[in-house]
Amino acid sequence: MNGKVVSLNVGEPRLVTYRGMSFRTGILKQPIGMPLTLKRLNFAGDKQADLSAHGGIDKAVYCYPLEHYDFWCREIGRTTLPMGQFGENVTTEGLLESELRIGDILQIGTAVLQVSEPRIPCYKLVMHMNAGSDFSVRFLAANRTGFYCRVLEEGAVAPADAIALLSRDLASPTVNEVIAATQFVDRDPIKLRQVVRAKDISAKWRSRVRRMIDAELRRRMEQAVPSSRPLI
């Protein structure tokens, strides 16, 4: 699998107002037409505002496939969308969630990254897309989430750099499979366990999915227990 960088997008957190709320957000990215240094937590010129939900070792870099842009233009009635519209640091080409696996190691420029988890949208994406209050639901339902990476080796990344797959674990689920297993009703404990066993998935995701397994097993046990209402 080979891909390339279509656009590098960065931005410092800004104060915005949305539906009567004021908050700082780093989702407003701008394309940069020159090489950028990628450190352990950020590209140069980029930061996340809410570190409890964004950023950190496992979400240092957010990538989104160019291939999804036309889909969303059609879905939300736009003729075009600017690069970085989804808050991604790297707009990619040739890397799709249906093929990328958790733990895949990628070389981009002189940096080495590892796919760590899918993206779960928040209200900031809903605000930025301005395509209806249900956009986050539609985003997940489309299973076009993009993917987060951790930085294994710092380096320089430039627009149009090649993206090469260095190694992967074929037993690890794809990014799409993680979303399909975790975000919809009637979750299958077998598929959830496959996600938990992915050795390179982020610790937060592993903990979240373990709770899902427990909840799903409890739900199935409760459904299997016959009603104990007294006969009249």
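The preceding data block contains the structure.
Now for a look at the structure at hand.

Calculation notes
- Residues numbered from 1 in each chain as written.
- Predicted model: local features only at pLDDT ≥ 70, side-chain atom pairs only at ≥ 80, totals over all residues.
- Heavy atoms only, no water.
- Helix = DSSP H or I, 4+ residues; strand = E, 2+ residues; numbered from the N terminus.
- Rg over C-alpha atoms; globule rule 2.2 N^0.38 Å.
- Contact = heavy atoms within 4.5 Å.
- Areas by Shrake-Rupley, 256 points an atom, 1.4 Å probe, with all protein chains shown as cover.
- Lys, Arg positive; Asp, Glu negative; His and termini not counted.
- Charge placed at Lys NZ, Arg CZ, Asp CG, Glu CD.
- Buried < 20%, exposed > 50% of the residue type's maximum accessible area, 1.4 Å probe, protein only.
- Pairing = 2+ DSSP bridges.
- Axes fitted to C-alpha atoms, helices over the stretch in contact; angles between N-to-C directions.
- Parallel < 35°, antiparallel > 145°, perpendicular 65-115°, else oblique.
- Left-handed = near helix turned anticlockwise from the far one by under 90°.
- Nonpolar A, V, L, I, M, F, W, Y, C, P; charged D, E, K, R; others polar.
- Core = buried A, V, L, I, M, F, W, Y, C linked by side-chain atoms within 4.5 Å.
- Phe/Tyr/Trp six-rings, centres within 6.5 Å; stacked < 30°, edge-to-face > 60°.
- Lys NZ or Arg CZ within 6 Å of the ring centre and 35° of its normal.
- Salt bridge = Lys/Arg side-chain N within 4 Å of Asp/Glu carboxyl O.

Things to note about the overall build of the protein chain
Then step 1. Along the protein chain, the regular secondary structure elements total six helices and 12 strands.
Then step 2. Since a compact globule built from 232 residues should have a radius of gyration of about 17 Å, the 19 Å found for the protein chain is in line with a globular shape.
Then step 3. Oriented by its inertia axes, the alpha-carbon framework of the protein chain measures out at about 75 × 45 × 30 Å.
Then step 4. Counting contacts in the protein chain only where the partners sit at least 6 residues apart, residues at least 24 apart contribute 74% of the total.
Then step 5. Carbon and sulfur atoms form 54% of the exposed surface of the protein chain, whose accessible area is close to 11,700 Å².
Then step 6. In the protein chain, which carries 32 positive and 25 negative side-chain charges, the distance between the mean positions of the two groups comes to 5 Å.

What to know about helix H4 (residues 175–182)
Then step 1. Burial within H4 is extensive, with six of its eight residues counted as buried.
Then step 2. Those residues of H4 that sit buried are Val175, Asn176, Val178, Ile179, Ala181 and Thr182.

Here we look at the pairing of strand S3 (residues 21–25)
The side chains of a regular strand alternate, first on one face of the sheet and then on the other.
Then step 1. Here strand S2 (residues 14–18) runs beside S3; their pairing, made up of five bridges, is antiparallel. Across the sheet, residue Val16 finds its bridge partner in S3, namely Phe23.
Then step 2. In sequence, S2 turns back onto S3 through a hairpin of two residues, with Arg19 there showing a positive phi of about 50°.

Some points on the packing of helix H5 (residues 189–197) against helix H6 (residues 203–224)
Then step 1. For the pair H5 and H6, the least separation of the axes is 9 Å and the interaxial angle reads 165°. Judged by the inter-axis angle, H5 sits roughly antiparallel to H6. Where H5 crosses over H6, the handedness of that crossing is left-handed. Contact with H5, carried on its side by Pro189, Leu192, Arg193, Val195 and Val196, involves Arg206, Val209, Arg210, Met212, Ile213, Glu216, Leu217 and Arg220 of H6 and no other residues of that element.
Then step 2. In terms of residue class, the contact of H5 with H6 is made up of eight nonpolar, no polar and five charged.

A look at the packing of H4 against H6
Then step 1. With their axes 11 Å apart at the nearest point, H4 and H6 run at an angle of 35° to one another. The element H4 and its partner H6 pack so that their crossing is left-handed. Packed against H4, whose contacting residues are Val178, Ile179 and Thr182, the element H6 presents Trp205, Val209 and Met212 at the interface.
Then step 2. Considering only residue class, the contact of H4 with H6 consists of five nonpolar, one polar and no charged.

Examining the nonpolar core
Then step 1. Counting 37 residues, the largest nonpolar core has Leu38, Phe43, Val61, Val115, Phe147 and Val157 as the members making the most contacts within it.
Then step 2. Once residues within four sequence positions are removed from consideration, Phe43 is found in contact with Leu8, Val10, Leu36, Thr37, Leu38, Val61, Asn89, Val90 and Val157.
Then step 3. Among the nonpolar cores identified, the runner-up in size contains 22 residues, and Phe23, Trp72, Leu125 and Tyr148 belong to it.

Comments concerning the environment of Val16
Then step 1. Inspection of the secondary structure puts Val16 in strand S2.
Then step 2. The class for Val16 is buried, based on a relative accessible area of 14%.
Then step 3. The spatial distance from the C-alpha of Val16 to the C-alpha of Asp134 is 20 Å, given a sequence separation of 118 residues.
Then step 4. Once you skip the residues sitting within four places of it in the chain, Val16 turns out to touch Met21, Ser22, Phe23, Thr25, Leu28 and Met127.

A word on the packing of aromatic side chains
Then step 1. Within this structure, the stated rule accounts for 12 aromatic pairs.
Then step 2. Between Tyr64 and Phe86, the aromatic rings sit 4.3 Å apart at their centres with planes inclined by 20°, giving stacked as the arrangement. In this pair, Tyr64 sits in strand S6 (residues 61–65) while Phe86 sits in the loop between helix H1 (69–76) and strand S7 (90–93), placing the two residues 22 residues apart along the sequence. The residues Tyr64 and Phe86 share a single accessibility class, namely buried.
Then step 3. Lying across the ring of Tyr148, Lys59 places its NZ or CZ 5.4 Å from the centre.

Some thoughts on the pattern of salt bridges
Then step 1. A complete count under the given rule lists nine salt bridges for this structure.
Then step 2. With a closest N to O distance of 2.5 Å, Asp46 and Lys29 form a salt bridge. Residue Asp46 is found in the loop between strand S5 (36–38) and S6, and its partner Lys29 is found in the loop between S3 and strand S4 (30–32); the two are separated by 17 residues along the sequence. The pair formed by Asp46 and Lys29 is uniform in burial state, with each residue classed as buried.
Then step 3. In this structure, Lys39 engages Glu154 in a salt bridge whose closest nitrogen and oxygen atoms are separated by 3.8 Å. Of this pair, Lys39 sits in the loop between S5 and S6 while Glu154 sits in the loop between strand S10 (147–153) and strand S11 (155–157), and the two are 115 residues apart along the sequence.
Then step 4. A relative accessible area of 46% means that Lys39 is categorised as partly exposed.
Then step 5. Connected through shared salt-bridge partners, Glu216, Arg219 and Arg220 make up one network.

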